Amino acid sequence: MKWLAALALALPAIVSASPQGIDVSNWQGTVNWGAVKANGVQFAYIKATEGTGYKSPSFNSQYIGATNAGLIRGSYHFARPDVSSGATQANYFLANGGGWSADGITLPGALDIEYNPYGATCYGLSASSMVAWITDFSNTYHTKTGRYPVIYTTTDWWKTCTGNASGFQNNNPLWIAHYASAIGELPAGYAYTTFWQFANSGSNGPGDQDLFNGDTAGLQRMAKGS
Ligand SMILES: *[C@@H]1O[C@H](CO)[C@@H](O)[C@H](O)[C@H]1NC(C)=O
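Conventions used here
- Residues numbered from 1 in each chain as written.
- Predicted model: local features only at pLDDT ≥ 70, side-chain atom pairs only at ≥ 80, totals over all residues.
- Heavy atoms only, no water.
- Helix = DSSP H or I, 4+ residues; strand = E, 2+ residues; numbered from the N terminus.
- Rg over C-alpha atoms; globule rule 2.2 N^0.38 Å.
- Buried < 20%, exposed > 50% of the residue type's maximum accessible area, 1.4 Å probe, protein only.
- Contact = heavy atoms within 4.5 Å.
- Areas by Shrake-Rupley, 256 points an atom, 1.4 Å probe, with all protein chains shown as cover.
- Salt bridge = Lys/Arg side-chain N within 4 Å of Asp/Glu carboxyl O.
- Expected span 1.5 Å × (residues − 1).
- Disulfide = S-S within 2.5 Å.
- 1 Å grid on protein atoms, 1.4 Å probe; cavity = no way out; pocket = protein on both sides within 12 Å on 5 of 7 lines; lining within 4 Å.
- Points joined across faces, edges and corners; volume = space filled by probe spheres on them.
- Nonpolar A, V, L, I, M, F, W, Y, C, P; charged D, E, K, R; others polar.

Caption draft 1: The arrangement of the overall build of the protein in detail. Helix and strand counts for the protein stand at 8 helices and 9 strands. For 226 residues, the compact-globule estimate of 2.2 N^0.38 gives 17 Å, and the C-alpha radius of gyration of the protein, at 17 Å, lies within 12% of that figure. Projected onto the principal axes, the alpha-carbon positions of the protein cover approximately 50 × 40 × 35 Å. The buried share among the 226 residues of the protein stands at 51%. Long-range pairs, those at least 24 residues apart, make up 63% of the contacts in the protein between residues at least 6 apart in sequence. If you sum the accessible surface of the protein, you get close to 9700 Å²; carbon and sulfur atoms cover 55% of it.

This is how it looks when you write it as structure tokens:
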């Protein structure tokens, strides 16, 4: 029984019937999307932008490759609340691959808001300023596309840097990063997550490994905005 438990721990993806995904950035470079699709992967998120001065040099080719392989795909923006406003960064994201349309194959853009890799964990913002920054990004994205962005984060960062803020569950689908066999506590207000990044490598393909919390029809509805 011991090995069975270990297997279940290592392979949450296989014990779930949920649609599988990956997310990639410039680190993954050229992706063999045909192989990813052949692994049974149904969706992908691709890093487009960061702050207001970085567009991933791999974004265009990765996005086109995922599209041509028949994946449902979307793009994400790495938030830098220390460099410019939420509205400025939403507009930069939208101008550089972050758009959304109800074509049935595009997931709403995601805001990757998490530990600052360059300095202070919360980017030097107070909890209330952080909540305002995220709201500004979200509202700008919604005004331009008709969709609210997905929020990618960890529960620990969210508690630390937003003061455990609640309310975003009313608009923003959640994409939680938690590398464990169980999803654990979610950010305040969220009763469920929409996506779960459960590992930073695995058999789905290159990059982080993700699950959609639903079935294929639900994933398709999410892409249509219906
Ligand atoms: C965060 O918010 C949730 C829901 O309101 C609450 O249950 C929890 O105790 C809060 N945690 C902290 C650390 O404040």
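Having seen it, we continue.
Caption draft 2: Broad picture of the pattern of salt bridges. According to the stated counting rule, one finds 3 salt bridges in the structure shown. The partner of Glu 50 in a salt bridge is Lys 47, with the nearest N and O atoms 2.6 Å apart. As far as burial versus exposure is concerned, Glu 50 and Lys 47 are alike and both buried. A salt bridge links Asp 82 to Arg 80; the nearest nitrogen and oxygen atoms lie 2.9 Å apart. Using a relative accessible area of 16% as the deciding quantity, one classes Arg 80 as buried.

Caption draft 3: Region of the structure containing helix α6 (residues 127-145). Its 19 residues place the ends of α6 27 Å apart at the C-alpha level, agreeing with the 27 Å of an ideal helix rising 1.5 Å per residue. The inward-facing, buried residues of α6 abut β4 (72-78), α5 (86-95), β5 (110-112), β6 (150-153) and α7 (155-162). Positive backbone phi, at 80°, marks Gly 146, one or two positions downstream of α6.

Caption draft 4: Region of interest: unusual backbone geometry. In this structure, Tyr 123 is a non-glycine residue whose phi angle is positive, near 60°. On the secondary structure map, Tyr 123 appears in the loop between β5 and α6. Backbone geometry at Asn 164 places phi at a positive 65°, although glycine is not the residue there. By the element assignment, Asn 164 lies in the loop between α7 and β7 (174-177). We classify Asn 164 as partly exposed; its relative accessible area is 38%.

Caption draft 5: Region of interest: the state of the cysteines. As enumerated under the stated definition, the model contains 1 disulfide in all. Disulfide partner of Cys 122: Cys 161, at an S-S distance of 2.0 Å. With the S-S bond torsion at -75°, the cross-link from Cys 122 to Cys 161 turns out left-handed. Linking Cys 122 in the loop between β5 and α6 with Cys 161 in helix α7, this pair joins segments that are 39 residues apart in sequence. Across this residue pair, the class does not change: Cys 122 and Cys 161 are buried.

Caption draft 6: Region of interest: the layout of surface pockets. Roughly 450 Å³ of internal volume is contained in the largest pocket. Along the walls of the largest pocket sit 21 residues, with Ser 25, Trp 27, Lys 47, Tyr 76 and Phe 78 positioned nearest its centre. Of all the elements in the fold, those that place two or more residues in the lining of the largest pocket are β1 (20-24), β2 (43-50) and β4. Partitioned by chemical class, the residues of the lining of the largest pocket number 11 nonpolar, 4 polar and 6 charged. A volume near 310 Å³ is recorded for the second largest pocket. In this structure, the second largest pocket is lined by 18 residues; those nearest its centre are Asn 172, Pro 173, Leu 174, Tyr 192 and Thr 194.

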